[in-house]
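# Observations on the three-dimensional arrangement
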Amino acid sequence: MTEYQLRIQRYDPEQDDTPRLQRYTVSGDHTTSVLDALLSLQQQQDPTLALRWSCRMAICGSCGVMVNGIPKLGCKTFLRDYNGVIDIAPLAHFAVEKDLIVDMTPFLAHLSAIQPYLINDKDDKAPHKQTPAQLAKYQQFSNCINCGLCYAACPQFGLNPEFLGPAAITLAQRYNLDSRDNGKASRMSQLNGNNGAWGCTFVGSCSEVCPKQLDPAAAVNQAKVESAKDFIINLFKI
Amino acid sequence: MQTLHTDIVVVGGGGAGLRAAIAAAEADAGLHISLLSKVYPMRSHTVAAEGGAAAVTLAADSAAAHFSDTVTGSDWLAEQDVVEFFVKHAYQELVQLEHWGCPWSRKQDGSIQVRRFGGMKTERTWFAADKTGFHILHTLFQTSLKYPAIQRLDEYLVLDLLREDNRVCGVVALVLNSGDLVLIKAKSVILATGGAGRVFHYNTNGGIVTGDGMALAFRHGVALRDMEFVQYHPTGLPGSGILITEACRGEGAVLVNKHGYRYLQDYGLGPETPLGHPQNKQMELGPRDKLSQAFWHEQQAGRTDEYNGHAVVYLDLRHLSRAHLQQRLPFICELAQAYVNVDPASALIPIRPAVHYTMGGIMTDINCQTTLQGLYAVGECASVGLHGANRLGSNSLSELLVFGRVAGEQAALHARTCQGSNNDTWSAAQYQRQGQQLSRCFGSNKDDSVARLRQAMTLAMEQGCGIYRDTDGLTQCQQQLQALQARYQNLKVTDTSKVFNNELVQYLELGFSLDVAQAICAAALARTESRGAHQRRDSGMTARDDKSFLQHSLAYYQAGAEPILSWQDVSITSLPPAERRYGSALETALNTAEQAADAGAKHD
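What comes next concerns the included structure.

About the cut-offs
Residues numbered from 1 in each chain as written. Chains lettered and ligands numbered in written order. Predicted model: local features only at pLDDT ≥ 70, side-chain atom pairs only at ≥ 80, totals over all residues. Helix = DSSP H or I, 4+ residues; strand = E, 2+ residues; numbered from the N terminus. Expected span 1.5 Å × (residues − 1). Buried ≥ 20, exposed ≤ 12 C-beta atoms within 10 Å, placed from the backbone. Contact = placed C-beta atoms within 7 Å. Nonpolar A, V, L, I, M, F, W, Y, C, P; charged D, E, K, R; others polar. Pairing = 2+ DSSP bridges. Axes fitted to C-alpha atoms, helices over the stretch in contact; angles between N-to-C directions. Left-handed = near helix turned anticlockwise from the far one by under 90°.

### Let's talk about helix H10 (residues 395-417) of chain B
Taking 1.5 Å of rise per residue, the 23 residues of H10 of chain B would be expected to cover 33 Å, and the 32 Å separating its terminal C-alpha atoms lies within 8% of that figure. Most of H10 of chain B is tucked away, with 19 of its 23 residues classed as buried.

What follows is the structure, given as structure tokens:
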């Protein structure tokens, strides 16, 4: 077992005017994740530490935090990969509710805004045909676990919370690229707007931090191409 | 007092809850549906299901075959009328999900691909790579956003049901981001809160799987049925219990002990199948209860290896190509790499059984209706009667769709036809009582804590209610649980904050878990036979005893005392109890049956 120093950003809205830093020492081995460390702190040293978590296998998307300033899933980030004091803070660009818990409401609102469901008029009882090649076009973008790390990494979302952001634009592309969907036209109004794909300045941090290697930046770029096409097509309609 | 008025409250935003909410919204767009969950819906544990969802799909398959596999797998404790309904409706529900956008894996021609699964005679498991639960959950969640009738109450924890005599008329919930109590009045309440795997120490479940809904119904006099049947999944990662899907074995992975020997052939599942040629219902594709029990025997015999202090055997996928693994089992590759530092294409994955699923739960009829008017239950928290003594892998994802829809439709029908409660004084009194109870739980502890007590519970359950059980172990577990209940009565929550008080939530969850643990232990002690996932080592109890125990156990809550047990007949429609056979024994039995049928035909 090795001793690790953690410096955790704490904030209790009932007590604190501003966030404060608190230091803890935890012991861990080569398997100990940041989440394991936080839970052992909570169980053995400080039950008042507030965080979200559940599956501890990188699929439920609950436990995103900043580790040394970089958005990470707590359950898939390991103490063994760090030297010195490890800084843990709530996800950037979201309002902090308490300690490591942030307000995910804007994130969910953006997801909902892009109509994230199949839109078509199929009414027979048979399954659609969809070849592996057609599936492959959107499959990667369907793997988003809604952890919010890309929003914490996105400078544009930091500046403008109305920006739809990487996950929502990726989800829009996921449905736009689905061979079973006819809803692209109605999603384009969201993607074309100032807070849509053009809000992105292509920094690409979203893809760097995505714990599922979804490449949201590629989805956003594709959405820009679609939006440009949409613009030109509309020009000819006038 | 904060009060919300709605028509239907769905408690739990996992697969079952979301499917129920959508069904209710489709049944009547005029109804107000409140979808309440202690976490955001996409965090629910459905997300972690990997392998797939079963439905009769291939031309060579039949409803009768799926029925027979399920009943046999259940060791004849499934409600056969429920199984008939289930196998008949599973396919249309998977197609419905396809219409809603689920990215099911496909064959080259674009039709649905099915894979092999344990205890299933034919390939009938639909899958979305090895993240089927994830895709089902997200598809349902995203689809639910289409329905304005569904109003989400994210991060609300239900503390109690509102009950008037024999009917339920809402819930009292804690709003986690404010610490406020809210009274939610409704005509129908659907419990879809998932299982209780976290009452055990080593499990595949997320931290939220604490048996809340089971305890809520139990405390109001609804029976918990068949609670002794707890499924150990044969392949969890050592220590963490992280799930390594059965689909690995469906794709051809094999299990070996520390000598590299495929030990399952010694446990009635052989003969050994050639590498890369898995056979349905044979060897690694036997049912989960048999596989976990085989591990136990290997461990007793000293043929397991050790990994970080845990006894393990190995899952071997090396003979499957890297490309195949990346296509069919990408999540498994990711998990093995991250959590045990193994590349499955080139090395063995250490695995061991871990608690995975509670077969039992809140007793309901085939319409998901409990014995309280207006109260429905569905999914893992419920016992509709599908799984009996052992669930077959890939039946539960289909279950939450088939019965989620039933629960939603039934709750909608009830909400349309029943008179809401007008007794505001009564519900206000229940609200006040909850508030008082809550305010009394804060204080300081001498030398106890929520975390300590929880760990004592999970270890006691692991020790006493594990893969094999005996009277001494169960009795000891029962006494430990009683002592823990006594400690719980004096336990205090030290964090007095209101906003996102994690300690308070864990304290409340522990209260639910302890009640459920007592029901599991009491039912296990009362069932003095061995059936499915419940195996007794006491002499005279090691075999199935249909004469005395072709019966569901029903546990009834007694405040401050052990649950009272009673028994209920099993519905048998067309498949009378017989021996469960897998591997070559199944082959022989089928041949004999066919010969007998041929001989019969010749006589006609």
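### Things to note about the interface of chain B and chain A
The interface of chain B with chain A comprises 42 residues on the first partner and 42 residues on the second. Elements with a contribution of two residues or more to the side of chain B that touches chain A: helix H3 (80-99), helix H4 (132-144), helix H9 (330-340) and helix H14 (502-526) of chain B. In terms of residue count, the dominant contributor to the side of chain B that touches chain A is H4 of chain B (four residues). Class assignment for the residues of the side of chain B that touches chain A results in 18 nonpolar, 17 polar and seven charged.

### Some words on the sheet that holds strand E11 (residues 188-191) of chain B
All names here are of chain B. Here five strands make up an open sheet; going across it, the order is E7-E3-E2-E11-E19 and the pairing parallel. Either end of the sheet is taken by a strand with one partner, and the two such strands are strand E7 (150-154) and strand E19 (375-377). Direction aside, the axes of adjacent strands within the sheet are offset by 20 degrees on average.

### Looking at the packing of helix H6 (residues 166-176) of chain A against helix H9 (residues 216-237) of chain A
Residues and elements named next belong to chain A. Packing of H6 against H9 brings their axes to within 8 Å, and their N-to-C directions diverge by 65 degrees. The crossing of H6 and H9 is left-handed. Of the residues in H9, those touching H6 at Pro166, Ala167, Ile169, Thr170, Ala172, Gln173 and Asn176 are Pro216, Ala219, Val220, Gln222, Ala223 and Glu226. Split into classes, the residues belonging to the contact of H6 with H9 amount to eight nonpolar, four polar and one charged.

### Side note on the environment of Gln482 of chain B
All names here are of chain B. Counting through the fold element by element, Gln482 comes out in helix H13 (residues 471-490). On the neighbour-count criterion, Gln482 (16 C-beta atoms within 10 Å) is partly exposed. For Gln482 and Gln518, which are 36 residues apart along the polypeptide, the C-alpha to C-alpha distance reads 8.1 Å.

### Focus: the environment of Phe157 of chain A
Residue and element names in this part refer to chain A. Of note, Phe157 is situated in helix H5 (residues 155-159). Overall, the presence of 27 C-beta atoms within 10 Å leaves Phe157 in the buried class. Along the backbone, Phe157 and Lys122 are 35 residues apart, and their C-alpha atoms lie at a distance of 36 Å. Beyond its immediate stretch of four places on either side in the chain, Phe157 contacts His93, Tyr151, Phe163 and Gly165.

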